[in-house]
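# Summary of the model geometry
So you can see what is in the structure, the chains are spelled out below.
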Amino acid sequence: MTHYSQEIAEYRGETYFAGAEDQEHVWLRKIPNQAYANAEGFQTYGNRELKTVATKDLDAWYQETCKATWRGQPFNVISTTNGKAEAGYAGGEYVWAQQNGLEGDQYNGFTATIDEHELQDVQVDRTDFLQRWKEKNPG
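Scope of this entry: the structure provided in the associated data block.

## Concerning the overall build of the chain
Of the regular secondary structure elements, the chain holds two helices and eleven strands. The secondary structure elements of the chain, listed N-terminal to C-terminal, are β-β-β-β-β-β-β-β-α-β-β-β-α. Seen along its three principal axes, the alpha-carbon backbone of the chain occupies a region of about 55 × 35 × 30 Å. Out of the 139 residues belonging to the chain, those deemed buried represent 35%. For the chain, long-range pairs separated by at least 24 residues make up 56% of all intrachain contacts whose partners lie at least 6 apart in sequence. When the accessible surface of the chain is summed, it comes to about 8,700 Å², and 42% of that surface belongs to carbon and sulfur atoms. The average position of the 13 basic charges and that of the 22 acidic charges among the side chains of the chain differ by 4 Å.

Next up, the structure:
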């Protein structure tokens, strides 16, 4: 299972949230509550620490998207921590969502914190952005 359903980069052996800055650079953002040995060059914006690096210097850059079912209904897993999954309800049964204790509403969506072992039919799809970049920028 994935820990985060968003862009991730690995740089100098450490993992960060990430995103394309331009054709040659990626921004890195420290993941909250994670310790980093390579902390130089980050700038603080509010409660976020960011840094831009050359794409060619990355160890990996990808996005893993995790989908699963819980109690027979579809969910998008947003993140996992300590055996708990934060998940967004992907179904359209609003009465079911309310009856099963999901937070939110039919207009803004429903979310739930679910024990990982209760998830079924877990599927993780990985998009490798670094490989795509290397194909477009050989050498």
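The structure having been displayed, the exposition proceeds.
## Description of the pairing of strand 1 (residues 7-11)
Here strand 1 pairs with strand 6 (residues 60-70) via four bridges, running antiparallel. Paired with Glu7 across the two strands is Gln63, which belongs to strand 6.

## Side note on the nonpolar core
Among the nonpolar cores identified, the biggest contains 19 residues, and Leu28, Leu58 and Trp61 are the most heavily contacted of them. Elements represented by at least two residues in this core include exactly strand 1, strand 2 (14-20), strand 3 (25-29), strand 6 and helix 2 (129-136). Once residues within four sequence positions are removed from consideration, Leu28 is found in contact with Ala9, Tyr11, Tyr16, Phe17, Ala18, Phe42, Glu49, Leu50, Lys51, Val53 and Leu58.

## Quick look at the layout of surface pockets
In this structure, the largest pocket encloses a volume near 210 Å³. Lining the largest pocket, in full, are Glu7, Ala20, Asp22, Gln23, Glu24, Thr55, Trp61, Phe129, Arg132, Trp133, Lys136 and Asn137. Top element by residues in the lining of the largest pocket is helix 2. It accounts for four residues. Along the lines of polarity and charge, the residues of the lining of the largest pocket split into four nonpolar, three polar and five charged.

## Overview of the environment of Leu28
Its location among the elements puts Leu28 in strand 3. For Leu28 and Tyr16, which are twelve residues apart along the polypeptide, the C-alpha to C-alpha distance reads 5.8 Å.

## Examining the packing of aromatic side chains
Enumeration over the complete set of coordinates arrives at nine aromatic pairs. Between Tyr16 and Phe42 the ring centres are 5.6 Å apart and the planes differ by 25°, which places this aromatic pair in the stacked class. Of this pair, Tyr16 sits in strand 2 while Phe42 sits in the loop between strand 3 and strand 4 (43-45), and the two are 26 residues apart along the sequence. The same class applies to Tyr16 and to Phe42, which are both buried. Between the aromatic rings of Trp61 and Phe129, the centroid separation amounts to 5.4 Å while the plane-to-plane angle is 45°, which identifies the pairing as tilted. Separated by 68 residues along the polypeptide, Trp61 in strand 6 and Phe129 in helix 2 bring together distant segments of the chain. Residue classification places Phe129 among the buried positions, given a relative accessible area of 18%.

What counts, and at which threshold
Residues numbered from 1 in each chain as written. Predicted model: local features only at pLDDT ≥ 70, side-chain atom pairs only at ≥ 80, totals over all residues. Heavy atoms only, no water. Helix = DSSP H or I, 4+ residues; strand = E, 2+ residues; numbered from the N terminus. Buried < 20%, exposed > 50% of the residue type's maximum accessible area, 1.4 Å probe, protein only. Contact = heavy atoms within 4.5 Å. Areas by Shrake-Rupley, 256 points an atom, 1.4 Å probe, with all protein chains shown as cover. Lys, Arg positive; Asp, Glu negative; His and termini not counted. Charge placed at Lys NZ, Arg CZ, Asp CG, Glu CD. Pairing = 2+ DSSP bridges. Core = buried A, V, L, I, M, F, W, Y, C linked by side-chain atoms within 4.5 Å. 1 Å grid on protein atoms, 1.4 Å probe; cavity = no way out; pocket = protein on both sides within 12 Å on 5 of 7 lines; lining within 4 Å. Points joined across faces, edges and corners; volume = space filled by probe spheres on them. Nonpolar A, V, L, I, M, F, W, Y, C, P; charged D, E, K, R; others polar. Phe/Tyr/Trp six-rings, centres within 6.5 Å; stacked < 30°, edge-to-face > 60°.

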